[in-house]
Amino acid sequence: SNTSAIVNEVVADGVSLSPGLTIRTFDGCDNPLDSGTLEGFIQAVYVERPNNNNTYFNGSLVPAVVEAHVLDNGDGSYAVQFATTVEAAYELWIVFGEGCSLNFSVPENPDSLYLFN
């Protein structure tokens, strides 16, 4: 399924973390988990979205890709945040699960990014 979220603004100083997105975890019977320790199963990156000219920050043809910070809230939920120096809108790419990986490549003149699992 596709899910979209609006992330509030973050200062592009490379230090300040975005408010991020909260992920809740559930067991196989759809019961909410009430403890953490699954942060190793989450991989996420924020990928810069193109502007109206189909370019990126400072006219670049390649998007900024920022590794997400995954914080275990200790209650079965995880905060996925990022810090950047690039002023832009971003999309969150995320995988969750044992053995899952988030691998992608950025072509030299990309029309889009390519995701490999």
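Quick caveat, the model's predicted, so the values are computed rather than measured. (Residues numbered from 1 in each chain as written. Predicted model: local features only at pLDDT ≥ 70, side-chain atom pairs only at ≥ 80, totals over all residues. Heavy atoms only, no water.)

Visitor: Residue-level account of the nonpolar core, with values.
Guide: If you look at the biggest cluster of nonpolar residues, it comprises 10 residues: I23, A44, Y46, A64, V66, A68, V80, F82, V86 and Y90. When sequence neighbours within four positions are dropped, the list of residues in contact with V66 reads V45, Y46, F82, A83, T84 and Y90. Of all hydrophobic cores here, the second largest spans five residues; its members include V45, V47, V95 and L102. (Core = buried A, V, L, I, M, F, W, Y, C linked by side-chain atoms within 4.5 Å. Buried < 20%, exposed > 50% of the residue type's maximum accessible area, 1.4 Å probe, protein only. Contact = heavy atoms within 4.5 Å.)

Visitor: Go over the packing of aromatic side chains with me, naming the residues and quoting the values.
Guide: Under the definition given, this model contains two aromatic pairs. Ring centres of Y46 and F82 lie 4.1 Å apart, and the angle between their planes is 25°; this geometry places the pair in the stacked category. Of this pair, Y46 sits in strand 2 (residues 42-48) while F82 is found in the loop between strand 5 (77-81) and strand 6 (90-96), placing the two residues 36 residues apart along the sequence. Grouped by ring-pair contacts, the aromatic residues Y46, F82 and Y90 constitute a single cluster. (Phe/Tyr/Trp six-rings, centres within 6.5 Å; stacked < 30°, edge-to-face > 60°. Helix = DSSP H or I, 4+ residues; strand = E, 2+ residues; numbered from the N terminus.)

Visitor: Any details on the pairing of strand 5? Residues and values, ideally.
Guide: Of all five residues that make up strand 5, five are buried, and the element is covered over most of its length. Where burial is concerned, the two faces of strand 5 agree: the one with S77, A79 and Q81 and the one with Y78 and V80 are both buried. Looking at chain direction, strand 1 (residues 21-24) and strand 5 are connected through four bridges and run antiparallel. Looking at strand 5, one finds that I23 is bridged to Y78. Bridge analysis of strand 4 (residues 69-72) against strand 5 gives four bridges, and the strand direction is antiparallel. Following the sheet pairing, H69 is matched in strand 5 by Q81. The hairpin turn running from strand 4 into strand 5, its antiparallel successor, is four residues long, and G74 in that turn takes a positive phi close to 75°. (Pairing = 2+ DSSP bridges.)

Nothing here speaks to function; it is geometry throughout.
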